[in-house]
Amino acid sequence: MAETPDRVQDPWGARTPYAPGTPWPARTDLHLAPGVTEDQVERWVPAASVLHSNGDAMDIAVRQGRIVGVRGRAGDRVNRGRLGPKDLYGWQANASQDRLTRPMIREDGRLRECDWDTAMGRIVDRSRQLLDESGPGAFGFYTTGQLLLEEYYTLAVLARAGIGTHHLDGNTRLCTATAAEALKETFGCDGQPGSYEDIDHADTIALFGHNMAETQTVLWARVLDRLAGPNPPRLLCVDPRVTPVARRAEVHLAPRPGTNVALLNALLHEVIRGGRIDRDYIERNTVGFEELAAAVESCTPRWAAAICDVPAAAIERAGELLGGAERLLSTVLQGVYQSHQATAAAVQVNNLHLIRGMLGRPGCGLLQMNGQPSAENTRECGADGDLPGFRNWQNDTHVEELARLWNVPPERIPHYAPPTHAMQIFRYAEQGSIRMLWISGTNPAVSLPELARIRSVLAQERLFVVVQDLFLTETAQLADVVLPAAAWGEKTGVLTNADRTVHLIEKAVEPPGEARPDLDIFLDYAARMDFRDQDDGPLIRWHDPKSAFEAWQKCSAGRPCDYTGITYERLREGGIQWPCTPDRPEGTPRLYTDGIAYAHPDTCESYGKDMVTGAGVEPVEYRSLNPDGKAVLKAAEYLPPHEDTSPEHPLLLITGRTVYHFHTRTKTGRVPELNAAAPDVWAELSPEEAARQGLSDGDLIEVRTPRGAVRARLRTTAMRDGTVFLPFHYGYWDTPAGHRPADDGAGRAANEATITDWDPVSKQPLFKTCAARVTLIARRESTPRSQSTTPAGSRT
Amino acid sequence: MTGITTTLKELHRGERDLEHDLLAAAERHRADHEFHHVATDVARWSREHTRRLAEAGRAYGLDLGGPADNPTPGALAALREKAAEALGRRPEAGLLLLHDLRELHLAATRNSLHWEMLAQAAQAARDERLLELASVCHPRTLRQIRWTNTMLKELSPQLLLTVR
């Protein structure tokens, strides 16, 4: 097999065109270390991607105890052998010289290396002291969307039933909380309705705030292959930037940031006005249509045009496209989830599919996407602000099920209020009521909004911070105890992607030094804390990935995310979509093929919330509104954004991703090809806006908001005027100051400038709605800078 | 003066006060970001109610006046914001927030009862316009009540147990 051509230059690879309704052809991508050939590889170990949410299946190449490359799995349903740039090159990060290899503790203000007993002993001593002094409410756990299912489930049990705190959430709060919440609001329960195979069948694909070309390169390759084949789908793109998706779209709407609800209400208005609705489907499967129709009646394209700054005619064309589709696939991502009125907007996309009756059939798919590889596992295992198995904290029967499973009294599992979300966990820490914060596999000192505030919270003397990671991240530098973790390829467990496909990742090589799998660290803590069940047996009875997976299977039984038909052995053959039971061993490509399955008051994960205030709906109210468990069509009124432009801050700041990096570059920044492709932060303005501000391409500028400032080189690109874009990946670990900006104040992390504000329904922070100004710091040097010629990303 | 005009006047005052109290509390609790933003959002509903009540009052010969002028973010407001941020680090700020939520909840409940009375009277008097007004506004008042109740429910365990 030939080495895959440079995927930095061409992130999506060669086309394999195909016709609607036919299988997506395979194309196997391969990249090995220089000098290594395929026949020199000693073992191929099954794995899936952890550098994005697509769940691309691959084999890790191992030679002489080292990872020497990767090869896509041609037989797998998700990627049919393809791999994106981050997967082809990202494995090299495992072997970085600066991996953490020993635990560290803070002594006299400095971190120094120690052994595991010392580090764990310090955590356990502090835990016992806090339990005595303040109780479980003093503990917060902040995890990630990048660990494995077995690890999340173990963490959920030890936090919820061991410590007994409900302050446990993941950084999935930043990437996927709105997807989960929107599904709960509409379908009563989390669970992705659609399947990636819907791309093979759709005649229309609508991407709402989803730059698929950069977030899921392999999924976009699938769309490109349809576009290159016979009877290609028509594309609608909603994005303020002219992304690669926008360039291929028949209709591109670039709304003013923060106005998604107005735009979506107008699209619903058009679909209803044109009579493009499926009355029979609505009648059988939904409640609330009359209210929705009344709410959008006045939301004409003209009305929305004035709010969104999009031509009314373009909205009408988009409405025509959506109304005329016979097989409509919609995808939604951060342009909606991280913007003003996040859940309210995402729910309107659900509504679009329900009123058009486009659900549960090939090509009629709805994908509320994820940003991270195992975000789905964080959600289903209850390591985010939910209970395990999509159980409802307001439903005592659901809590009793968990209590029986864990053999603890129900009152030991906090359920007097919803599990605390990440932004509130940091608020409690700021206020001093959370006094121990255990952060695993994430980097809030770069990824949360308003970083000066986050750094000051983490640096507090009264807060004991534990950080478990691969590298000494910006956050780890602020910790009291640092625990070295094993990486992808150094441990075993499963991971579930955005379309419910479960993959097994097996251990290929040993972790460096004394680094340990996250699962082992959690199990060690549980053992040292001696958590007991109500018969004085150990609370956690599993001891390795397989036994943890089996414990999870019992927890998932009978719930939408049922894993009881999945085994490690079966996963070695390829990915399987849950729910998968012994009766349905092939898994489930699409949910809701036969009506709405999980919205019944006794089954549902949530009774819903107010779309504006986030106030909870009471069980009795839900029961009377939706006694038969249909989908709920929830209308939402448009509200002006919380922070708008002013003469002092005339632009709107949005942040986002580049195809070459993941999260805070902890791994991708240590990969030569990826780092070289996007080595430093930049800012984007439209050429017209740049001219208006007196700026030119390559100038060093400052982007400032009332919170802080970022310094970056300007790139002029095709996008909305009045909007400035910053990539969110860059931090300080590879700068002299280490975890913060140098003393002059302006930083490199986009989140120096972002606002602390979150959607009241999903609690997802809003990274895409705040006011900013730009100023010139220095003109571009007269000598031409070496410019990379990468086609992806944001270059014009 | 009939019972309806008395109720209109009291409700008008109640909505006007609630807008003011929501905005004042929003400013006081800037460090509690969700409360700050949502309080500002739902204050807009009370403002709208005040305006519509003033309009409706004209038919009853009442001159109720529009909503209060929006407080301009002057030097004093900036000072209060700074103070709110500094105080936000202290556990006692949590107790003050619970107190404010309770007061807002009671004020909204008072308004809700007035809307209920008005709607009942409008039905009896077959006053379509007044009934329409109450049926548009009252649900939002109920949402203000539910919101303050939800916030209290979620915040109380942490704030009451950990402040010593």
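Summarised in this report is the structure supplied together with it. Remember, it's a predicted structure, so these values are computed and weren't measured experimentally.

**Quick notes on the overall build of chain A**
The helix and strand tally for chain A stands at 27 helices and 27 strands. Taken along the three principal axes of its C-alpha coordinates, chain A extends 70 × 65 × 60 Å. The buried share of chain A, taken over its 796 residues, is 69%. At a minimum sequence separation of 6, the contacts of chain A that also span at least 24 residues come to 75%. Summed over its atoms, the accessible surface of chain A is roughly 24,300 Å², and 48% of this surface lies on carbon and sulfur atoms. Where the 86 positive side-chain charges of chain A centre and where its 105 negative ones centre are 3 Å apart.

**Quick notes on the environment of Arg 707 of chain A**
Residues and elements named next belong to chain A. When you line up the elements, Arg 707 lands in the loop between strand 24 (700-704) and strand 25 (709-716). Through-space distance from the C-alpha of Arg 707 to that of Glu 752 is 6.7 Å; in sequence the pair is 45 residues apart. At 2.8 Å, the side chain of Arg 707 forms a polar contact with the side chain of Glu 643. Polar side-chain contacts of Arg 707 include one of 3.4 Å to the backbone oxygen of Ala 753.

**A word on the interface of chain A and chain B**
Chain A puts 38 residues into the contact, and the matching count from chain B is 28 residues. Each partner contributes to the roughly 2,900 Å² buried at the junction of chain A and chain B, and carbon and sulfur atoms together form 46% of this total. Contact with chain B buries area across many residues of chain A, yet Arg 427, Gln 431 and Thr 613 of chain A alone supply 19% of it, more than any other trio. Of the charged contacts in the structure, one is a salt bridge between Arg 143 of chain B and Glu 637 of chain A, with a shortest N-O distance of 3.4 Å. Applying the counting criterion to the chain A and chain B interface returns twelve residue pairs in polar contact (both at pLDDT 80 or more). Ranked by the residues each element gives to the side of chain A that touches chain B, the list is headed by helix 19 (residues 422-431) of chain A, at five residues. Looking at the side of chain A that touches chain B residue by residue, the class counts come to twelve nonpolar, 14 polar and twelve charged.

**Description of the packing of helix 2 (residues 33-58) of chain B against helix 4 (residues 92-125) of chain B**
Residue and element names in this part refer to chain B. Two elements in contact, helix 2 and helix 4, have axes separated by 13 Å at closest approach and are oriented at 25 degrees. With respect to helix 4, the element helix 2 is oriented roughly parallel. Pair helix 2 / helix 4 crosses with left-handed handedness. From helix 2, Phe 35, His 49 and Leu 53 reach across to helix 4, where they touch Leu 97, Leu 101, Leu 104, Trp 115 and Leu 118. Split by residue class, the contact of helix 2 with helix 4 holds seven nonpolar, one polar and no charged.

**Re the pattern of salt bridges**
When their charged atoms lie close together, side chains carrying opposite charge are able to pair. A complete count under the given rule lists 70 salt bridges over all chains for this structure. For Arg 427 of chain A, the salt bridge is made with Asp 32 of chain B, and the minimal N-O distance between the two is 2.9 Å. Separated into two different chains, Arg 427 of chain A in helix 19 and Asp 32 of chain B in the loop between helix 1 (3-28) and helix 2 make up a pair that spans both. Take Arg 427 of chain A and Asp 32 of chain B: they sit in the same class, and that class is buried.

**Observations concerning helix 5 (residues 128-162) of chain B**
Residues and elements named next belong to chain B. In a regular helix each residue adds 1.5 Å, so 35 residues correspond to 51 Å; helix 5 covers 52 Å between its end C-alpha atoms and thus fits that length. Approximately 45 degrees is the largest bend angle found in helix 5, and it occurs at Leu 155, with the proline Pro 157 only one to four residues beyond. Its side-chain oxygen placed 3.3 Å from the backbone nitrogen of Arg 129, Asp 127 serves as the N-cap of helix 5.

Thresholds, definitions, all that
- Residues numbered from 1 in each chain as written.
- Chains lettered and ligands numbered in written order.
- Predicted model: local features only at pLDDT ≥ 70, side-chain atom pairs only at ≥ 80, totals over all residues.
- Heavy atoms only, no water.
- Helix = DSSP H or I, 4+ residues; strand = E, 2+ residues; numbered from the N terminus.
- Buried < 20%, exposed > 50% of the residue type's maximum accessible area, 1.4 Å probe, protein only.
- Contact = heavy atoms within 4.5 Å.
- Areas by Shrake-Rupley, 256 points an atom, 1.4 Å probe, with all protein chains shown as cover.
- Lys, Arg positive; Asp, Glu negative; His and termini not counted.
- Charge placed at Lys NZ, Arg CZ, Asp CG, Glu CD.
- Polar contact = N/O pair within 3.5 Å; in protein donor to acceptor, adjacent residues only side chain to side chain.
- Buried area = accessible area lost by both parts, 1.4 Å probe.
- Salt bridge = Lys/Arg side-chain N within 4 Å of Asp/Glu carboxyl O.
- Nonpolar A, V, L, I, M, F, W, Y, C, P; charged D, E, K, R; others polar.
- Axes fitted to C-alpha atoms, helices over the stretch in contact; angles between N-to-C directions.
- Parallel < 35°, antiparallel > 145°, perpendicular 65-115°, else oblique.
- Left-handed = near helix turned anticlockwise from the far one by under 90°.
- Expected span 1.5 Å × (residues − 1).
- Bend = angle between axes of the 7 residues up to and from the residue.

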